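Observations on the three-dimensional arrangement
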Amino acid sequence: MLLVTHALNEHQQQFLRAQGLRIHDQHFAPNNLTEALLNLLYGQFMAEQNTGQTLQQAPGWLSQLPEERFSVVNRNEALSERLRWMATVFTQSPYAIVFDESPELRWEDYQQ
């Protein structure tokens, strides 16, 4: 599972360390939200004029994967308008990208 959050506060950092996770600084990644989403989900490196339309549709590669094997889930209210296609309910799958601003509150969901 790839857990994507905004900047973590001190409490969240301590919680995740206690779970055995390491926090990595942003490295060679866009610091603009739109470009970061395009890079991670669509493989695009720069925002273009049709960025708003692109984010409103699921990336093409996602339809090529079985739903029971891979999921992309949004648990971040701030992204709901940008990524309407994304599921909001987390279901366990072998591989997942999860956008969650409060992972410590739902940590049980992420245990396999």
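Let me begin by describing the structure that accompanies this report. Everything numeric in this text was worked out from a predicted model, so none of it was measured.

This brings us to the pairing of strand E2 (residues 70-74). Counting buried positions along E2 gives five out of five residues, so the element sits mostly inside the fold. Side chains Phe-70, Val-72 and Asn-74 of E2 all project onto a buried face; the interleaved residues Ser-71 and Val-73 project onto the opposite face, where all are buried too. Across five bridges, the pairing between E2 and strand E3 (residues 95-99) is parallel. For Val-73, the partnering residue across the bridge sits in E3 and is Val-98.

Within the secondary structure layout, Leu-40 lies in helix H2 (residues 33-42). Expressed as a C-alpha distance, the spacing of Leu-40 and Gly-52, which sit 12 residues apart in the sequence, is 15 Å. When sequence neighbours within four positions are dropped, the list of residues in contact with Leu-40 reads Leu-2, Val-4, Ile-97 and Phe-99.

With that settled, consider the layout of surface pockets. Estimated volume of the second largest pocket: approximately 250 Å³. Lining the second largest pocket are 16 residues, with Leu-62, Glu-67, Phe-70, Ser-71 and Val-72 sitting closest to its centre. In terms of residue class, the lining of the second largest pocket is built from nine nonpolar, five polar and two charged.

This model, assessed by the stated rule, comprises four aromatic pairs. Summarising the aromatic geometry, the rings of Phe-15 and Trp-107 are spaced 5.6 Å apart at their centres and angled 85° between planes, so their arrangement reads as edge-to-face. Highlighted residues: Phe-15 in helix H1 (residues 10-18) and Trp-107 in the segment after E3, separated in sequence by 92 residues. Accessibility expressed as a relative area gives 13% for Trp-107, which makes it buried. Ring geometry for Phe-90 against Tyr-110: centres 5.1 Å apart, planes inclined by 90°, an arrangement best described as edge-to-face. Within this pair, whereas Phe-90 is found in the loop between E2 and E3, its partner Tyr-110 is found in the segment after E3, the two being separated by 20 residues in sequence. There is no split in this pair, since Phe-90 and Tyr-110 are both buried. By the ring-pair criterion, three or more aromatic residues cluster together here, those being Phe-15, Phe-90, Trp-107 and Tyr-110.

How each quantity is defined
Residues numbered from 1 in each chain as written. Predicted model: local features only at pLDDT ≥ 70, side-chain atom pairs only at ≥ 80, totals over all residues. Heavy atoms only, no water. Buried < 20%, exposed > 50% of the residue type's maximum accessible area, 1.4 Å probe, protein only. Helix = DSSP H or I, 4+ residues; strand = E, 2+ residues; numbered from the N terminus. Pairing = 2+ DSSP bridges. Contact = heavy atoms within 4.5 Å. 1 Å grid on protein atoms, 1.4 Å probe; cavity = no way out; pocket = protein on both sides within 12 Å on 5 of 7 lines; lining within 4 Å. Points joined across faces, edges and corners; volume = space filled by probe spheres on them. Nonpolar A, V, L, I, M, F, W, Y, C, P; charged D, E, K, R; others polar. Phe/Tyr/Trp six-rings, centres within 6.5 Å; stacked < 30°, edge-to-face > 60°.

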